[in-house]
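Survey of secondary and tertiary structure
As a plain string of letters, each chain reads:
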Amino acid sequence: DGERLAYSRKNRGGEDLFVMQGTSSRPWVGGSGDQTRPVFSGETLVFFSNERGEDRWDIVTSSTVGSKKVIARNVRLPLRAQPALSDDGQWVVYGVADPEQSNKIFITRVDGSRTVRINSGLVAAGEPALIKAGGQDYLAFTALPKAGSDWRQLHVMNITNQMP
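Residues numbered from 1 in each chain as written. Predicted model: local features only at pLDDT ≥ 70, side-chain atom pairs only at ≥ 80, totals over all residues. Heavy atoms only, no water.

1. A look at the packing of aromatic side chains
Counted only if it meets this: The criterion for an aromatic pair is that two Phe, Tyr or Trp rings (for Trp, the six-membered ring) have centres within 6.5 Å, with stacked assigned to planes under 30 degrees apart, edge-to-face to planes over 60 apart and tilted to the rest. Going along the chain from the N terminus, every DSSP run of H or I of four or more residues is numbered as a helix, and every run of E of two or more is numbered as a strand. To sort residues, take the accessible area from a 1.4 Å probe on protein chains only and compare it with the maximum for the residue type: under 20% means buried, over 50% means exposed, and anything in between is partly exposed.
The full count for this structure, using the stated rule, is 2 aromatic pairs. Measuring from centroid to centroid gives 5.7 Å for Tyr 7 and Phe 18, while their planes differ by 20°, and the two rings are stacked. With Tyr 7 in strand β1 (residues 4-11) and Phe 18 in strand β2 (residues 14-21), this residue pair connects regions lying 11 residues apart in the sequence. Judged by relative accessible area, which is 22%, Tyr 7 ranks as partly exposed. Exposure remark for Phe 18: the relative accessible area of 4% places this residue in the buried category. A ring pair is formed by Tyr 94 and Phe 106, whose centres lie 5.8 Å apart and whose planes are at 10°; its orientation type is stacked.

In structure tokens form, the structure reads like this:
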């Protein structure tokens, strides 16, 4: 909205989230481990957290100072990106770290109330983005073409009929 800026900062050995509004900055949410890559969805912050262990990333939301709600566990952390949101900010899209589920991309409402699973038919699907174009919903993501491959390819799927 141009009024606020969310950012992460090393604090007491972990990485905590802060929100700056105007010229003042205040702590928003912290914990053990890192809270990182925040993005606003309306009044809610959506971010990655590894409070459960160094390589165990979750997607977490926070609507008020100090509050946290895990909406997705064991996600595949994008290389450098924030959590990917739908155009309307109501959905977060992600891949997971579980090899048994790595052929899917997951789309969860920011309030955690519903999750849609999209089967990609590929391996290690991740780095997703949602877009709406021409009244259609599209999912873009990278994946390996098959197990054992050493290169990733960009894929785009029309998921209009799979979105609620």
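There is more to say after this.
2. Here's the deal with the pattern of salt bridges
This is how the line gets drawn: Counted as salt bridges are all cases of a side-chain nitrogen of Lys or Arg within 4 Å of a carboxyl oxygen of Asp or Glu.
Scanning all chains against the criterion turns up 7 salt bridges. With its nearest N and O atoms 2.6 Å apart, the salt bridge here joins Glu 51 to Lys 68. Here Lys 68 lies in the loop between β6 (57-62) and β7 (69-75) and Glu 51 lies in the loop between β5 (44-49) and β6, a separation of 17 residues in the sequence. The closest approach of N and O atoms between Asp 137 and Lys 132, which form a salt bridge, is 2.9 Å.

3. Remarks on the sheet that holds strand β12 (residues 123-133)
Keep this limit in mind: Here a strand pair is declared whenever DSSP counts at least two bridges between the two strands. Axis angles are defined between N-to-C directions and span 0 to 180 degrees, where every axis is a line fitted to C-alpha atoms and, for a helix, only to the segment in contact.
Strand order in the open sheet formed by 3 strands is β12-β13-β14, and the pairing between neighbours is antiparallel. The open sheet has two edge strands with one neighbour each: β12 and β14 (153-158). Averaged over all adjacent pairs, the angle separating strand axes in this sheet is 25°, with direction ignored.

4. Section: unusual backbone geometry
In terms of backbone geometry, most residues other than glycine have negative phi values and most peptide bonds are trans. Despite not being glycine, Ala 124 has its phi angle at roughly 55°, a positive value. By the secondary structure assignment, Ala 124 is in strand β12. Even without being glycine, Glu 127 reaches a positive phi, approximately 50°. Within the secondary structure, Glu 127 is located in strand β12. Among the residues examined, Glu 127 registers a relative accessible area of 32% and is labelled partly exposed.

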